[in-house]
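# Residue-level structure breakdown
Single-letter residue listing:
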Amino acid sequence: MQINIVSAEQEIFSGVAEMFFAPSADGDIGVYAGHTPLLSTLRPGEVRVKLADGDDEAFYISGGLLEVQPDAVTVLSDTAVRAHDLDEAAAIEARERAEKLMQGREADIDYASAQAEFAEAIAQLATIQRLRKRGGR
Amino acid sequence: MAAAKEIRTKIGSVQNTQKITKAMEMVAASKMRKAIERGLASRPYANKIRSVIGNLAQANSEFSHPFMEERPVKRVGVIVVSTDRGLCGGLNSNLFKTVLTQLKKWQGDDVEFDIALIGSKATGYFKRVGGNIVSEVSHIGDAPSLEQLLGFIKVMLDRHESGQIDELHIGYNEFVNTMTQQPVIEQLVPISRGEIERSANHHWDYLYEPAGEEVLSALLVRYLEAFVYQAVVENIACEQAARMVAMKAASDNAADLIDELQLIYNKARQAAITQELSEIVAGAAAV
C-alpha cells in the first residue's frame, strides 16, 4: 500500500507500508490495503506508518485531510494548527492592515513600531553587556 | 594633477559599487536556487489535492460547492503578488501594468473590484493609484510559510462566501527561466472544472468523515491556499532571478564605466607629465 504524506510546503513521507494509523475526525482509524475509499478530515495528532519490515514511523501533523484508496493513502497535512478563531484572528489582522493602508497612515505606524523594536533591542544589548561585565568576560 | 586625482576617486567609488552589485548578484543566484527548490517541494501537495478533487468529481456527479459555481459577475477580487524589495528590474512594474490593464477592462465592463496585496511594492503602488484594498500582507521573507498567508487568503474567501465578490483572480510572475519572467493573471474562484484533471471512469463514492459537504469545503479551501502559496513562492523565484539579471547588468555597466574612466585618467596623467616636461625644457632653454 502506497503512503504519501505531503504538506503545502514539502513532501514529508512517501513509501510502501503495511498498515497506517491516523486521528480521523470521528476517532482514530487504522487502514490496511484494500480499504474502502474514504475521505476524512484529520485532527491534530500522530500519524503512524507501519513499514513492511515491521518498523514504525511516526509523524506529528497539525490537522489536514486524509484520502484512502484501496491501494494508496494520501495525507494532505496542514503546516499550521487550524482553528476557526485562530484563522479568524489572522484574517482580521490582514483586513486591518489593509484598512490602515487605505487611511494612508501606514508609514507613521511603521516608524513607531520600528523605533519601539530598536529601543527594545538596545535594552537587551545593554543587559547582555552588563551581565558580561559582571561575569568578568 | 588635480583632475587625475578626481578621476581616481571616481574610479574607486565605481569599483565599490561594482563590488556591491556583484555580491548582490551572487546572493540572488543562491536564493533563486533555494526558491526554485521550495517551489518544487510544494508541487506534490497541489497535485495530490487536484487528483483528490478529480476523484471526487468523478465519484459524485452532482457534487458542487459555492467555489465551483459560476455566478453573474458584479464585483471581482484580485490578489496581486509582488516583492518586498526593489532592485529587481521591471519585475513588479510589468506585473502592475498587466494588472492595471485587466482592472481597466473590468471597469469598462462595469465590474467593480477589490484588491488584496502581497508584498510592500504592491502596497506602495496601489496606495498611490488607489483602489479598494481589502487585505494586505508584506514582509513575508524569502522562505514564506503558508501560515503567514492564511489570514490574508481567508479575507478574500470570506468575501466570496458572503457574496461580496463573485470571482477571485490572482496576478503574479510566472517563472519561465532565469532570463524570463511572465506576469500572469489566473482565475482562482470559481475553480474551473477543466482545472480538475479527470482520471479514469469509476463508479464508487468515498465514505465521508464527517459529512461530505464539510470535507469538500476543507479540501477546496486548502486547494486555493496551496495555489496562492505556490504563486508566492514562484514570485520569489522570479524576484531573485530578476535581481540576479539586473545586478549582472549593473556590474557589467560598472566595468565599462571603469574602463572608460581609466582611459581618461591615463590621458590626463600623460598630459600632466608632458606639460611638466615641456615646462622644464622651456625653463632650461631660458637659462
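Presented here is a report on the structure given in the accompanying data block. Because the structure is predicted, anything quoted here is derived from the model rather than measured.

### Quick look at the interface of chain A and chain B
Of the residues lining the interface, 41 residues belong to chain A; the matching set on chain B comes to 43 residues. Overall, the association of chain A and chain B removes approximately 3500 Å² of surface from exposure, summing both partners, and the carbon and sulfur fraction of that is 64%. Between chain A and chain B we count two salt bridges in total. Taken together, chain A and chain B are joined by 12 residue pairs in polar contact (both at pLDDT 80 or more). Elements supplying a minimum of two residues to the side of chain A that touches chain B: strand 1 (2-7), strand 2 (11-24), strand 4 (38-51), strand 5 (56-69), strand 6 (72-77) and helix 1 (84-103) of chain A. In the side of chain A that touches chain B, the residues fall into 16 nonpolar, 14 polar and 11 charged. The pairing of strand 4 of chain A with strand 6 (residues 207-209) of chain B spans three bridges and is classified as parallel. Residue pairing for strand 6 of chain B: A:Leu38 is matched across the bridge by B:Leu207.

### Structural notes on the sheet that holds strand 3 (residues 132-137) of chain B
Residue and element names in this part refer to chain B. The mixed open sheet is built from five strands, whose spatial order is 3-2-1-4-5. Bordering the open sheet on either side are strand 3 and strand 5 (181-189), each of which pairs with just one other strand. Taken over all neighbouring pairs, the strand axes of this sheet differ in orientation by 20° on average, direction set aside. As defined by bridge partners, strand 2 (residues 112-118) adjoins strand 3 across five bridges and the pair is classed as parallel. Following the sheet pairing, isoleucine 118 is matched in strand 3 by valine 137. Packing of helix 3 (residues 91-108) onto the sheet brings it into contact with strand 1 (75-81), strand 2, strand 4 (167-175) and strand 5, and relative to strand 5 it is tilted by some 40°. Here helix 5 (residues 147-161) sits on the sheet and contacts strand 1, strand 2, strand 3, strand 4 and strand 5; the angle it forms with strand 3, its principal contact strand, is near 155°.

### What about the packing of aromatic side chains?
All names here are of chain B. Per the counting criterion, the structure on display carries six aromatic pairs over all chains. Seen in terms of ring centroids, phenylalanine 96 and tyrosine 125 are 4.6 Å apart; in terms of plane orientation they differ by 20°. Their pairing is stacked. Taken together, the positions of phenylalanine 96 in helix 3 and tyrosine 125 in helix 4 (residues 120-129) put the pair 29 residues apart, joining distant regions of the chain. For the pair shown, phenylalanine 96 and tyrosine 125 are each scored as buried. When the ring of tyrosine 223 is compared with that of phenylalanine 227, the centres are 6.5 Å apart and the planes differ by 80°; the resulting orientation is edge-to-face. Remark: phenylalanine 227 and tyrosine 223 occur in helix 6 (residues 212-286); sequence separation between them is four residues, near one turn of the helix. Given a relative accessible area of 15%, phenylalanine 227 falls into the buried group. Through pairs of rings, three or more aromatic residues link up here, namely Phe96, Tyr125 and Phe126.

Rules of the game
- Residues numbered from 1 in each chain as written.
- Chains lettered and ligands numbered in written order.
- Predicted model: local features only at pLDDT ≥ 70, side-chain atom pairs only at ≥ 80, totals over all residues.
- Heavy atoms only, no water.
- Contact = heavy atoms within 4.5 Å.
- Buried area = accessible area lost by both parts, 1.4 Å probe.
- Salt bridge = Lys/Arg side-chain N within 4 Å of Asp/Glu carboxyl O.
- Polar contact = N/O pair within 3.5 Å; in protein donor to acceptor, adjacent residues only side chain to side chain.
- Helix = DSSP H or I, 4+ residues; strand = E, 2+ residues; numbered from the N terminus.
- Nonpolar A, V, L, I, M, F, W, Y, C, P; charged D, E, K, R; others polar.
- Pairing = 2+ DSSP bridges.
- Axes fitted to C-alpha atoms, helices over the stretch in contact; angles between N-to-C directions.
- Phe/Tyr/Trp six-rings, centres within 6.5 Å; stacked < 30°, edge-to-face > 60°.
- Buried < 20%, exposed > 50% of the residue type's maximum accessible area, 1.4 Å probe, protein only.

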